Number of protein chains: 2
Amino acid sequence: MKDKLLNIKREASKFSIISTQIKNNIIKDIAGLIDKKSKEILAENEKDIEKAKKNHLAEPLIDRLMLNKQRLNSIIDSLENILRLDDPVMKVDRGFTRPNGLKILKVRVPIGVICIIYESRPNVTIDAAALCIKSGNAVVLRGGKEAVNTNMAFVRIIKDALSCNNVSKEIVCYIDDPERRYIYDLLKAKNIIDLVIPRGGTSLISFVEENSLIPIVKHDKGVCHVYIDKFADILKATNIVYNAKVQRPSVCNAIESLLIHSDIDEDSVQKILQPLRNAGVELVGCELMNKIYGIEMAIEDDWYAEYLDLKVSIKIVKDVFEAIEHINRYGSHHSDSIITENYSNANAFVNNVDSAAVYVNASTRFTDGFEFGFGSEMGISTQKLHCRGPMGLEDLTTYKYIIYGNGQIRT
Amino acid sequence: MKDKLLNIKREASKFSIISTQIKNNIIKDIAGLIDKKSKEILAENEKDIEKAKKNHLAEPLIDRLMLNKQRLNSIIDSLENILRLDDPVMKVDRGFTRPNGLKILKVRVPIGVICIIYESRPNVTIDAAALCIKSGNAVVLRGGKEAVNTNMAFVRIIKDALSCNNVSKEIVCYIDDPERRYIYDLLKAKNIIDLVIPRGGTSLISFVEENSLIPIVKHDKGVCHVYIDKFADILKATNIVYNAKVQRPSVCNAIESLLIHSDIDEDSVQKILQPLRNAGVELVGCELMNKIYGIEMAIEDDWYAEYLDLKVSIKIVKDVFEAIEHINRYGSHHSDSIITENYSNANAFVNNVDSAAVYVNASTRFTDGFEFGFGSEMGISTQKLHCRGPMGLEDLTTYKYIIYGNGQIRT
């Protein structure tokens, strides 16, 4: 592995200044090869599926692993999306001339070598590699062992596409690490890898956080809330709560908790809860919810829980400030929404909720690179440093200052 | 300490939305109190100096520690500088409306709780606290034990200024940690502290890097270079090299290494070296430099060294690409300059040198928040993530997305 890393470091700096046209051609070729070699990819995927079944993996995990022609087409679509994005490299963020005549430009440049540590979904191999290529970065992929055959097939295609364009194959490398022997070394390779992006469950992310000497951008869990204010439009509230909980419960921007103002009448609350019950959502709640609406009592852990399933915890709060306090305490600073027609309460909410995305009268499900118009995303950052919320192509760059002088010295 | 940290966390969120006027009044009052209580501060500083002398601290360290009326005035000047800076909080970086009508704003907000771990210079206590206050952050200060009496005097003044403005005194806290008992706990307090900024020597920074669970922005060493190209204007080269090495050798943006193109004639090289020799600069160099100019041979370690002193290593290189390779290999990615009148070589240098600040025909000494026109700085970031180069007020903020809807749900 050490050789692979030294090679990638050396090649990364050459790749960082390559033209947009070549980068786009590589991505086009990856898409073309996925289409052309779809049978081969699906055959490799079949091996992973068989092994997963033999190892009695849970059904949803097998589903995540599984590719078919339709899923390959959506990977190709996603590549075409990345193709259309503007190249962020060498974009000038600011430029100014100082009184002494120095011309200072703040220019976007690739980060260098990015390491993505992810779990079973094999489409991440292509998405992550293509985003890194488009932004001029070399990439170390360390995928989950369940998807190894599929991942290797994808990596062969990426390397072929690089070769076709006379770019070193070494700028994309895959670490096959079934025994978790190399992950620790990757996290210590601070002179080679510039950024580690962990994507996966809490245990993976904690492991990376605790062991990395390299800066990380983590894509952690989403404990998202909708707060229904005293001044909510109940129809909007009903639709938004249903959408945020039921439309796709397994994703990080779905809600896990519902906060309801204590002045909302019972009829209105029932209007909001009924569609959830009809969709089979399991409800747990605070003492008042239990007493008035007969729903099961929640325990303390419920308020922290990311169910990723048809289950929601419900709490009655006395005002917007109790809602804010609850969200800041129990939430994961991901996405939270207030439903209100009241100007001051909306303001208090957006100013005080400490989350990546704070909504007024909209579903939390919009926290997403595509929905925000960024075209594509590496994930949703749940940290405050470097980038927060949807991590787009530009977030895979850093900057440098280029300073043009004509002999200036400091006095 | 745990209580202090819990308090600061609670108060930080209230402080994050406080008005610019109040923040400015606090900074004004700090400046006023430093002026008013200068005798008291200098008396406390005298205690630190006496202890330092008793412990036989090196003369430069004692000098760093020492305050006098003039140095207090420059601290007051620096506060007035911070006062004049625009408040970055609630600045809208981007704003756009999506086809579905969602209005998305990317808004700057304080990071939250920032921990500064620094060594002996007591002015950092005031500078760092004022920058954090202006950017709406709470701050945990963990200064060096040598300056404890001076630091505590400053912190009392800061707390008085907070009280005068009805702001909780808890948003600034000082950790007196002579035995290094608490530093480890600070680095693990990831649910309370949002960012750690280590400022100091390599051993402090490595310790923080290795033990922190919290994102860091490090202000590490500067191994900076000037490369004199074949097409250099020798007069510009002579002035810039002298300035970059001699004007203030103890700072991170001074150069440690000089690279000279092999085609430059002996007379010109002597013109460049003579002023250095006259200033008492110790020269070490590669084999060729040794053979032709009789200067002492450098060892491998010299090329990595941050002398911070009147000493420079000199290497003859065959072209701009060898210079780039040397700088990327041995440098610290801080500040590097090419002296050339050749357009293509200037381009190759700025595109390929992987440093925070890359210069053409100017001294590296300009890498500085004031010189860049940022008004004030927290230090020079030597990492690529979050911020790079001079860390200004805006770099002490993060952002959140505020999304205004009217009932939008995702389909």
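If you're wondering where the values come from, they're calculated on a predicted model, not measured in any experiment. One numbering rule holds for all chains: residues counted from 1, following each sequence as written. Each chain is given a letter, starting from A, and each ligand a number, starting from 1, according to the order in which they appear as written. Residue-level local features of this predicted model are given only where pLDDT is at least 70; pairs of side-chain atoms are given and counted only at 80 or more, and the full residue set underlies all totals for whole chains, interfaces and linings.

Asks: Give a description of the overall build of chain A that names residues and reports values.
Replies: Strands are runs of DSSP state E lasting at least two residues, helices are runs of H or I lasting at least four, and both sets are numbered from the N terminus onward. Scanning chain A for helices and strands turns up 15 helices and 16 strands. For a compact globule of 411 residues, the expected C-alpha radius of gyration is about 22 Å, and chain A comes in at 24 Å, within 12% of that figure. Seen along its three principal axes, the alpha-carbon backbone of chain A occupies a region of about 70 × 70 × 35 Å. Here a residue counts as buried when 20 or more other C-beta atoms sit within 10 Å of its C-beta, as exposed when there are 12 or fewer, and as partly exposed otherwise, the C-beta atoms being derived from the backbone. A buried classification covers 51% of the 411 residues belonging to chain A. For chain A, the proportion of contacts with a sequence separation of at least 24, taken over those separated by at least 6, is 72%. The size measure is the radius of gyration over C-alpha atoms, and the globule rule it meets is 2.2 Å times the number of residues to the 0.38 power. Two residues qualify as a contact pair if the distance between their C-beta atoms, derived from the backbone, is within 7 Å.

Asks: I'd love a proper account of the relation of the copies chain A and chain B, names of residues and values included.
Replies: Superposition of the copies was done by least squares, using only C-alpha atoms of residues whose pLDDT is at least 70 in both. With an RMSD of 0.0 Å, the operation that places chain A on chain B is a rotation of 180° combined with a shift of 0.0 Å along the axis. Both chain copies can therefore be described as sitting about a two-fold axis. The C-alpha atom lying nearest the rotation axis in chain A is that of His386 of chain A; the distance is 1.8 Å. When the interface residues of chain A are mapped onto chain B, 100% of them again lie at the interface, so the same face is used by both copies.

Asks: Run through the sheet that holds strand S1 (residues 92-97) of chain B, naming residues and quoting values.
Replies: With mixed pairing, the 10 strands of this open sheet are ordered in space as S10(A)-S9(A)-S11(A)-S8(A)-S7(A)-S12(A)-S13(A)-S16(B)-S2(B)-S1(B). The sheet is open, and its two edges are formed by strand S10 (296-297) of chain A together with S1 of chain B, each paired on a single side. Strand pairing is defined by DSSP finding a minimum of two bridges between the two strands. Judged from the two bridges that link them, strand S9 (residues 282-285) of chain A and S10 of chain A form a sheet pairing that is parallel. In the sheet register, Val284 of chain A faces S10 of chain A, and the bridge partner there is Glu296 of chain A. Sheet contacts for helix H14 (residues 320-330) of chain A: strand S7 (224-228), strand S8 (255-261), strand S11 (311-317) and strand S12 (335-339) of chain A; angle to S11 of chain A, the most-contacted strand, approximately 140°. Angular values range over 0 to 180 degrees, each being the angle between N-to-C directions of two axes fitted as lines to C-alpha atoms, with helices fitted over their stretch in contact.

Asks: So what's going on with unusual backbone geometry? Residues and values would help.
Replies: Residue and element names in this part refer to chain B. Positive phi values are uncommon outside glycine, yet Arg180 reaches one of about 55°. The topology assignment puts Arg180 in the loop between strand S5 (172-174) and helix H8 (183-188). Positioned with a positive phi, Leu308 is a non-glycine residue whose angle comes to about 55°. Inspection of the secondary structure assignment puts Leu308 in the loop between helix H13 (300-304) and strand S11 (311-317). Judged by the 16 C-beta atoms lying within 10 Å of it, Leu308 is partly exposed.

Asks: So what about the interface of chain A and chain B? Which residues, and what values?
Replies: The partner chain B presents 56 residues to the 56 residues of chain A that form the contact. Taken together, the elements giving at least two residues each to the side of chain A that touches chain B come down to helix H9 (202-211), helix H10 (234-246), helix H15 (343-352), strand S13 (357-362) and strand S16 (397-408) of chain A. Sorting elements by how many residues they give to the side of chain A that touches chain B places S16 of chain A first, with 11 residues. Charged residues are taken to be Asp, Glu, Lys and Arg, nonpolar residues to be Ala, Val, Leu, Ile, Met, Phe, Trp, Tyr, Cys and Pro, and polar residues to be all remaining types, Gly included. A per-class count over the side of chain A that touches chain B returns 25 nonpolar, 20 polar and 11 charged. Bridging between S13 of chain A and strand S16 (residues 397-408) of chain B involves five bridges; their strand directions are parallel. Bridge pairing links Tyr359 of chain A to Ile403 of chain B in S16 of chain B.

Asks: Hey, could you go over the pairing of strand S7 (residues 224-228) of chain B for me, with residue numbers and the actual values?
Replies: Residue and element names in this part refer to chain B. Burial of S7 is extensive: five of the five residues sit out of reach of the surface. What you see with S7 is no split at all: Cys224, Val226 and Ile228 on one side and His225 and Tyr227 on the other are buried throughout. A clockwise course of the path from the first strand over the helix to the second, judged with the strands pointing away from the viewer, identifies a crossover as right-handed. Crossover S7 to strand S8 (residues 255-261) through helix H10 (residues 234-246) is right-handed. In the sheet, S7 pairs with strand S12 (residues 335-339) via four bridges, with the strands oriented parallel. Note that in S12 the partner of Val226 across the bridge is Ser337.

Asks: Describe H14 of chain A, with residues and values.
Replies: Residue and element names in this part refer to chain A. Regarding H14, the residues found buried are Val320, Ala323, Ile324 and Ile327. Here the buried residues of H14 occupy an arc of 100° about the axis, which is enough to place them on one side. The elements touched by buried residues of H14 are S7, S8, S11, S12 and H15. In this context, the arc is that of the directions from the helix axis out to the C-beta atoms.

Asks: With reference to specific residues and values, describe the sheet that holds strand S2 (residues 103-110) of chain A.
Replies: The sheet built from 10 strands is open, its strands ordered S1(A)-S2(A)-S16(A)-S13(B)-S12(B)-S7(B)-S8(B)-S11(B)-S9(B)-S10(B) with mixed pairing. What marks the edges here is a single partner per strand, and that holds for strand S1 (92-97) of chain A together with strand S10 (296-297) of chain B.

Asks: So what about the domain arrangement of chain A? Which residues, and what values?
Replies: Residues and elements named next belong to chain A. Residue ranges for the domains trace back to a domain assignment, done automatically or taken from a database. Assigned domains within chain A: domain 1 (2-219 + 378-404) and domain 2 (224-366). Distance from the C-alpha centre of domain 1 to the C-alpha centre of domain 2: 35 Å. Counting residues at the interface gives four residues for domain 1, matched by six residues for domain 2. Here the side of domain 1 that touches domain 2 is built from residues that sort into one nonpolar, two polar and one charged.

Asks: Please set out the packing of helix H6 (residues 123-134) of chain B against helix H7 (residues 148-164) of chain B residue by residue, giving values where relevant.
Replies: Residue and element names in this part refer to chain B. Two elements in contact, H6 and H7, have axes whose closest approach is 9 Å; the angle formed by their N-to-C orientations is 30°. By the angle between their axes, H6 is roughly parallel relative to H7. Viewed along their axes, H6 and H7 form a crossing whose handedness is right-handed. Between H6, through Thr125, Ile126 and Ala129, and H7, the contact on the second element is made entirely by Asn151, Phe154, Val155 and Ile158. Roughly parallel means an angle under 35 degrees; roughly antiparallel means over 145; roughly perpendicular covers 65 to 115; every other angle is labelled oblique. Helix crossings fall into two classes, left-handed where the near helix is turned counterclockwise from the far one by less than a right angle and right-handed where it is turned clockwise.

Asks: Just give me the short version of the packing of helix H2 (residues 20-36) of chain B against helix H5 (residues 69-84) of chain B, but keep the residues and values in it.
Replies: All names here are of chain B. Look at H2 against H5: their axes get within 10 Å of each other, and the N-to-C directions meet at 170°. Of the possible angle classes, the one that applies to H2 and H5 is roughly antiparallel. Here Asn24, Ile27, Lys28, Ile30, Ala31, Ile34 and Asp35 of H2 lie close against H5, whose contacting residues are Leu72, Ile75, Ile76, Leu79, Glu80, Ile82 and Leu83. Of the residues in the contact of H2 with H5, the class split is 10 nonpolar, one polar and three charged.

Asks: Just give me the short version of the nonpolar core, but keep the residues and values in it.
Replies: Counting residues in each nonpolar core, the largest one holds 131 residues, and the members touching the most others are Ile30 of chain A together with Ile30 of chain B. Once residues lying within four places of it in the same chain are set aside, the contact partners of Ile30 of chain A are Leu79, Ile126, Ala130, Ile157, Ile158 and Ala161 of chain A. In this usage, the nonpolar core is the set of buried Ala, Val, Leu, Ile, Met, Phe, Trp, Tyr and Cys residues whose C-beta atoms join them within 7 Å. In terms of nonpolar packing, the next biggest core, distinct from the first, is built from 51 residues, Tyr227, Leu276 and Ala356 of chain A together with Ile402 of chain B among them.

Asks: Any details on the pairing of strand S4 (residues 138-142) of chain B? Residues and values, ideally.
Replies: Side-chain positions along a regular strand alternate between the two faces of the sheet. All names here are of chain B. For S4, the buried fraction is high: five of the five residues fall into the buried class. Of the two faces of S4, both are covered, the one formed by Ala138, Val140 and Arg142 as well as the one formed by Val139 and Leu141. Relative to S4, strand S3 (residues 113-118) runs parallel, the two being bridged by five bridges. Each residue of the ladder has a partner; that of Ile117, found in S4, is Arg142.

Asks: Kindly report on the environment of Lys400 of chain B, identifying the contributing residues and their values.
Replies: Here Lys400 of chain B is to be found in strand S16. By the C-beta count within 10 Å, which is 22 here, Lys400 of chain B ends up buried. C-alpha separation for the pair Lys400 of chain B and Glu59 of chain B, spaced 341 residues apart in sequence, amounts to 47 Å. Filtering out sequence-adjacent residues up to four positions away, Lys400 of chain B remains in contact with Ser355, Ala356, Ala357, Val358 and Arg388 of chain A together with Val107 and Val109 of chain B.

Asks: Let's hear about the environment of Ser168 of chain B: which residues, and what values?
Replies: All names here are of chain B. Inspection of the secondary structure puts Ser168 in the loop between H7 and S5. Judged by C-beta crowding, with 17 C-beta atoms within 10 Å, Ser168 ranks as partly exposed. In contact with Ser168, other than residues within four places in its own chain, are Glu11 and Leu162.

Asks: Give me the lowdown on H7 of chain B, citing residues and values where you can.
Replies: Residue and element names in this part refer to chain B. Taking 1.5 Å per residue, 17 residues should reach 24 Å; H7 reaches 24 Å between its end C-alpha atoms and fits that length. Elements in contact with the buried residues of H7: H2, helix H3 (38-54), H6, S4 and S5. One or two steps after H7, the chain reaches Asn166, where phi turns positive at roughly 55°. An expected span of 1.5 Å times one less than the residue number is assigned to each helix.

Asks: Go over the confidence of the model for chain A, please, and point to the residues and values.
Replies: In this model, chain A carries a mean pLDDT of 95, and residues with pLDDT of at least 70 account for 100%. For this predicted complex, the interface score ipTM comes out at 0.94, while the overall pTM is 0.94. Per-residue confidence from the predictor is reported as pLDDT, a score between 0 and 100.

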